[in-house]
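As a plain string of letters, each chain reads:
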Amino acid sequence: MQKQKLKLKTMRISTILIIPFIGLAYTLWHIWYLLPLGDIGRTIIIILCALMFLSIFLVFLRSIDRMPMPIATAIYNIGCSSIIVMLYSVMIFILLDIARFLHIIPQSFLYDNGYTLLGIILVLTSILIYGNIHYYNKKRIALDLITEKPLEKDVKIVMISDLHLGYHNRRGELKRWVRMINDEHPDLILIAGDIIDRGVRPLLKEDMAEELRQFSAPVYVCLGNHEYYSGLHEAEKFYKCAGITLLRDSVVNVQGLSIIGRDDRVNYHRKSLESLVEMADKSKYTIVLDHQPFQLEHAEWTGIDFQFSGHTHHGQIFPASSITNMMYENAYGEYRRGNTHYYVTSGLGIWGGKYRIGTCSEYVVATVKHK
């Protein structure tokens, strides 16, 4: 059984790797014929484009952790941005190929034509500029969570997920987020995982733990899959240094609430939600932090009042948002199952290139009120 799972996982990874290379080949083929240059000039530009795309593998393999910070940051941003450039280039070239096939545009439009290439570059640049500006515009989501369970007073909670602090989201950006959240004057701050992007090195270099200690309310966090990618032991040490309370398959009672933090589903041996609920005080309003929004029915079956999740990023950019909508029962936003209320956030930060196209970066301000 274990061998079969490993085989399926290997096949999925192989498929994921093949698709980008097909897209890269298709894009570079079109660029080659569009460039109004000789073979030497075309070859140089094609090689540069390919190297920009292939630099993403230095990020995945963590090779940039051995490079000076400015170089590592540049490679991270170039490699991750090139994926988005390639995606939209493929979409543009597919539309142009269809238009050529239907005789809407002449064949010369796609051969040795600097004007067409310039137009495509302007379109791509406009998309990236819009996406980058939109990323920095954080959306405030207000939620009222009504309960009949006893509360001494209303509890104001800022809930966030997927900060992905690293080579792209640096300390200056984190400082802005901390100030923005403190301005809400929350009683609690809950984080549904993926504070760290792919490694703690840039967080330690810039002493981001000191910035996280500036939060004006107690902070509770569950693990995300990226905490495992970055190294669980290093992540736990960082959280301790940052004054953050990690709930790893554990429960805390605070502000009249019972908060359950689940280990990420990357850990196949994490505790069941049923066993964690037995540890909680069910007379209190019960909140579950679970990074990945799979098997939402379990929260309903166990009588959870509210579940907060992240992970999906709502696809980050269109049309990936359509794919996440097919993958998850609820990929983004509010949702209900019986008496259980859910919210899946698109995340405060982002993985990879800092672009939001057709989605948003957000933080949730929830107020738990007695009915």
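The coordinates are above.
Reading the values: the criteria
- Residues numbered from 1 in each chain as written.
- Predicted model: local features only at pLDDT ≥ 70, side-chain atom pairs only at ≥ 80, totals over all residues.
- Heavy atoms only, no water.
- Helix = DSSP H or I, 4+ residues; strand = E, 2+ residues; numbered from the N terminus.
- Rg over C-alpha atoms; globule rule 2.2 N^0.38 Å.
- Buried < 20%, exposed > 50% of the residue type's maximum accessible area, 1.4 Å probe, protein only.
- Contact = heavy atoms within 4.5 Å.
- Areas by Shrake-Rupley, 256 points an atom, 1.4 Å probe, with all protein chains shown as cover.
- Lys, Arg positive; Asp, Glu negative; His and termini not counted.
- Charge placed at Lys NZ, Arg CZ, Asp CG, Glu CD.
- Patch = residues over 30% accessible without salt bridge, like charges linked within 9 Å, V, L, I, M, F, W, Y side chains within 5 Å.
- Salt bridge = Lys/Arg side-chain N within 4 Å of Asp/Glu carboxyl O.
- Phe/Tyr/Trp six-rings, centres within 6.5 Å; stacked < 30°, edge-to-face > 60°.
- 1 Å grid on protein atoms, 1.4 Å probe; cavity = no way out; pocket = protein on both sides within 12 Å on 5 of 7 lines; lining within 4 Å.
- Points joined across faces, edges and corners; volume = space filled by probe spheres on them.
- Nonpolar A, V, L, I, M, F, W, Y, C, P; charged D, E, K, R; others polar.

Asks: Just to check I follow, could you spell out the overall build of the protein chain for this structure?
Replies: Counting its secondary structure elements, the protein chain contains 13 helices and twelve strands. Computed over C-alpha atoms, the radius of gyration of the protein chain comes to 23 Å, within 12% of the 21 Å expected from 2.2 N^0.38 for 371 residues, which places it in the range of a compact globule. Here the protein chain holds 371 residues, and 53% of them are scored as buried. Within the protein chain, counting contacts between residues at least 6 apart in sequence, those at least 24 apart form 76% of the total. Taken as a whole, the protein chain presents about 17,800 Å² of accessible surface, with 63% of it coming from carbon and sulfur. Positive and negative side-chain charges in the protein chain, numbering 39 and 35 respectively, have mean positions lying 4 Å apart.

Asks: Where do I start with a nonpolar patch on the surface in this structure?
Replies: There is a patch of nonpolar side chains on the surface, built from Phe21, Ile40, Ile44, Ile47, Leu48, Leu51 and Leu54 and spanning about 670 Å² of accessible area. Here Leu51 shows up in helix α2 (residues 39-54).

Asks: Please explain the side chain of Gln316 as it appears in this structure.
Replies: Structurally, Gln316 is set in the loop between β9 (306-309) and α13 (320-327). With a relative accessible area of 12%, Gln316 lands in the buried category. Not counting residues up to four positions away in its chain, the partners in contact with Gln316 are Ile350, Trp351, Tyr355, Arg356, Ile357 and Thr359.

Asks: Mind showing me how you'd approach the packing of aromatic side chains here?
Replies: Each aromatic ring pair is summarised here by two numbers: the centre-to-centre distance and the angle between the ring planes. Applying the stated criterion across every chain, the model contains 13 aromatic pairs. Relative to Phe53, the ring of Phe21 lies with its centre 6.1 Å away and its plane at 80°, an arrangement referred to as edge-to-face. Of the two residues, Phe21 sits in helix α1 (residues 2-34) while Phe53 sits in helix α2, which places them 32 residues apart along the sequence. For Phe21, a relative accessible area of 36% corresponds to the partly exposed category. Ring centres of Phe308 and Tyr343 lie 6.5 Å apart, and the angle between their planes is 15°; on these two criteria the pair is classed as stacked.

Asks: So what exactly am I meant to see when it comes to the environment of Met69 here?
Replies: Among the secondary structure elements, Met69 is positioned in helix α4 (residues 69-101). The class of Met69 is buried, set by a relative accessible area of 13%. Counting along the chain gives 133 residues from Met69 to Pro202, while the straight-line C-alpha distance between them is 7.7 Å. If near-sequence neighbours (up to four positions away) are discounted, Met69 is found in contact with Tyr167, Arg170, Arg201, Pro202 and Lys205.

Asks: Before we go on, may I ask you to explain the layout of surface pockets in this structure?
Replies: Empty space within the second largest pocket amounts to approximately 530 Å³. In this structure, the second largest pocket is lined by 22 residues; those nearest its centre are Ile31, Cys49, Val85, Ser89 and Leu124. For the lining of the second largest pocket, the elements supplying multiple residues, two or more each, are α1, α2, α4 and α5 (114-136). Among the elements that take part in the lining of the second largest pocket, α4 stands out by supplying seven residues, more than any other. Classifying every residue of the lining of the second largest pocket gives 17 nonpolar, five polar and no charged.

Asks: Whenever I open this one, the pattern of salt bridges confuses me. Can you help?
Replies: Following the criterion strictly, the structure yields 19 salt bridges and no others. The partner of Asp290 in a salt bridge is Arg262, with the nearest N and O atoms 3.5 Å apart. Remark: Arg262 occurs in the loop between β7 (257-261) and α11 (273-279) and Asp290 occurs in the loop between β8 (285-289) and α12 (297-301); sequence separation between them is 28 residues. Across the pair, exposure class does not vary: Asp290 and Arg262 are buried alike. Between Arg337 and Glu300 there is a salt bridge, with the nearest N and O atoms lying 2.7 Å from each other. Of the two residues, Arg337 is situated in strand β10 (residues 333-337) and Glu300 in helix α12; the sequence distance between them amounts to 37 residues. Taking the relative accessible area as the measure of exposure, Arg337 reaches 23% and is therefore partly exposed. When its relative accessible area of 29% is taken as the criterion, Glu300 is described as partly exposed.

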